[in-house]
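Coordinate inspection notes
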Amino acid sequence: DTGVSQDPRHKITKRGQNVTFRCDPISEHNRLYWYRQTLGQGPEFLTYFQNEAQLEKSRLLSDRFSAERPKGSFSTLEIQRTEQGDSAMYLCASTRRDTEAFFGQGTRLTVV
Amino acid sequence: GQNIDQPTEMTATEGAIVQINCTYQTSGFNGLFWYQQHAGEAPTFLSYNVLDGLEEKGRFSSFLSRSKGYSYLLLKELQMKDSASYLCASVGAAGNKLTFGGGTRVLVKP
């Protein structure tokens, strides 16, 4: 257990539905990251927060994706109108500045 | 942007040594991480290099050459539990995010 919690661990949804994932970082970490990982690939960066500010979003992140970190603590990642191509593992990580990132166990999304 | 290359797969025998190479091309560079990831689990931190040279930590060592854009992870005295994917990741100049390679899947055989 790295101290980063993600919920749910697994989510199966029908195409077109909206889904929301939650990440609770290590409490003293001010940076929070979302990554997406498909089978046999490395994690792909989606977005990152420093405290409550979203400082960078990947071009991979379409308009259907939105992330928030309203009080600089937990974060949510929402995917609207899910597509089969969204099926992946969604990983959250947190860090203090210039230290290693700690990853949560991930949320595995399956869109059917 | 950042581009990171590492081999897709390597096989080695229990008790042997394996070296996983990683080359990177970045517009800015602030360090190189190695992570281990077992199937279905989260990546876990192994090592961090920001200066040239070798960092040794038990059976695992990591090397960095900034001038060559090159790193390697050395796994010694391989054990069956070392079968996993090993991810190389660079940190940009702003120190803001990790960019990962595709990972190297290491299979340890008896």
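Right, let's walk through the structure included here.

Thresholds, definitions, all that
Residues numbered from 1 in each chain as written. Chains lettered and ligands numbered in written order. Predicted model: local features only at pLDDT ≥ 70, side-chain atom pairs only at ≥ 80, totals over all residues. Heavy atoms only, no water. 1 Å grid on protein atoms, 1.4 Å probe; cavity = no way out; pocket = protein on both sides within 12 Å on 5 of 7 lines; lining within 4 Å. Points joined across faces, edges and corners; volume = space filled by probe spheres on them. Helix = DSSP H or I, 4+ residues; strand = E, 2+ residues; numbered from the N terminus. Nonpolar A, V, L, I, M, F, W, Y, C, P; charged D, E, K, R; others polar. Contact = heavy atoms within 4.5 Å. Buried area = accessible area lost by both parts, 1.4 Å probe. Salt bridge = Lys/Arg side-chain N within 4 Å of Asp/Glu carboxyl O. Polar contact = N/O pair within 3.5 Å; in protein donor to acceptor, adjacent residues only side chain to side chain. Phe/Tyr/Trp six-rings, centres within 6.5 Å; stacked < 30°, edge-to-face > 60°. Buried < 20%, exposed > 50% of the residue type's maximum accessible area, 1.4 Å probe, protein only. Pairing = 2+ DSSP bridges. Axes fitted to C-alpha atoms, helices over the stretch in contact; angles between N-to-C directions.

Time to look at the layout of surface pockets. One number sums up the size of the largest pocket: a volume of about 480 Å³. What lines the largest pocket is a set of 24 residues, and nearest its centre among them are Gln37(A), Leu39(A), Gly40(A), Gln37(B) and Ser85(B). Only strand 9 (88–95) of chain A together with strand 9 (84–91) and strand 11 (104–109) of chain B provide two or more residues apiece to the lining of the largest pocket. A breakdown of the residues in the lining of the largest pocket according to their chemical character gives seven nonpolar, 13 polar and four charged.

Of the residues lining the interface, 20 residues belong to chain A; the matching set on chain B comes to 17 residues. Across the chain A/chain B interface, buried area totals approximately 1500 Å², and carbon plus sulfur atoms make up 52% of it. Run the count over chain A and chain B and you get one salt bridge. Note that Lys97(B) is salt-bridged to Glu56(A), the shortest N-O span being 2.7 Å. Scanning the region where chain A abuts chain B turns up six residue pairs in polar contact (both at pLDDT 80 or more). Within the residue set of the side of chain A that touches chain B, elements represented by two or more residues are strand 4 (31–37) and strand 5 (44–50) of chain A. With four residues, the top contributor of residues to the side of chain A that touches chain B is strand 4 of chain A. When grouped by side-chain class, the residues that make up the side of chain A that touches chain B number eight nonpolar, seven polar and five charged.

On to the packing of aromatic side chains, then. Residues and elements named next belong to chain B. Applying the stated criterion across every chain yields a total of 18 aromatic pairs over all chains. Ring centres of Phe33 and Phe45 lie 6.0 Å apart, and the angle between their planes is 70°; on these two criteria the pair is classed as edge-to-face. Of this pair, Phe33 sits in strand 4 (residues 32–37) while Phe45 sits in strand 5 (residues 44–49), and the two are 12 residues apart along the sequence. Here Phe33 falls in the buried class, since its relative accessible area comes to 4%. Accessibility expressed as a relative area gives 26% for Phe45, which makes it partly exposed. Here Phe63 and Tyr72 contribute two aromatic rings whose centre-to-centre distance is 5.0 Å and whose plane-to-plane angle is 20°, an arrangement assigned as stacked.

In this section: the environment of Ala88(A). All names here are of chain A. Checked against the element boundaries, Ala88 lands in strand 9. The exposure class of Ala88 is buried, given its relative accessible area of 7%. Separated by 19 residues in sequence, Ala88 and Thr107 place their C-alpha atoms 8.3 Å apart. Aside from chain neighbours lying at most four places away, what touches Ala88 is Arg36, Gln37, Thr38, Thr107, Arg108 and Leu109.

Residue and element names in this part refer to chain A. Reading across from one edge, 1-3-8-7 is the order of the four strands in this open sheet, with antiparallel pairing throughout. In the strand order of this sheet, the two ends are held by strand 1 (5–7) and strand 7 (65–68), each with one partner. With strand direction ignored, the average angle separating the axes of adjacent strands in the sheet is 15°. By the bridge criterion, five bridges tie strand 3 (residues 19–24) to strand 8 (residues 75–79) in an arrangement that is antiparallel. Bridged to Phe21 within strand 8 is Leu77.

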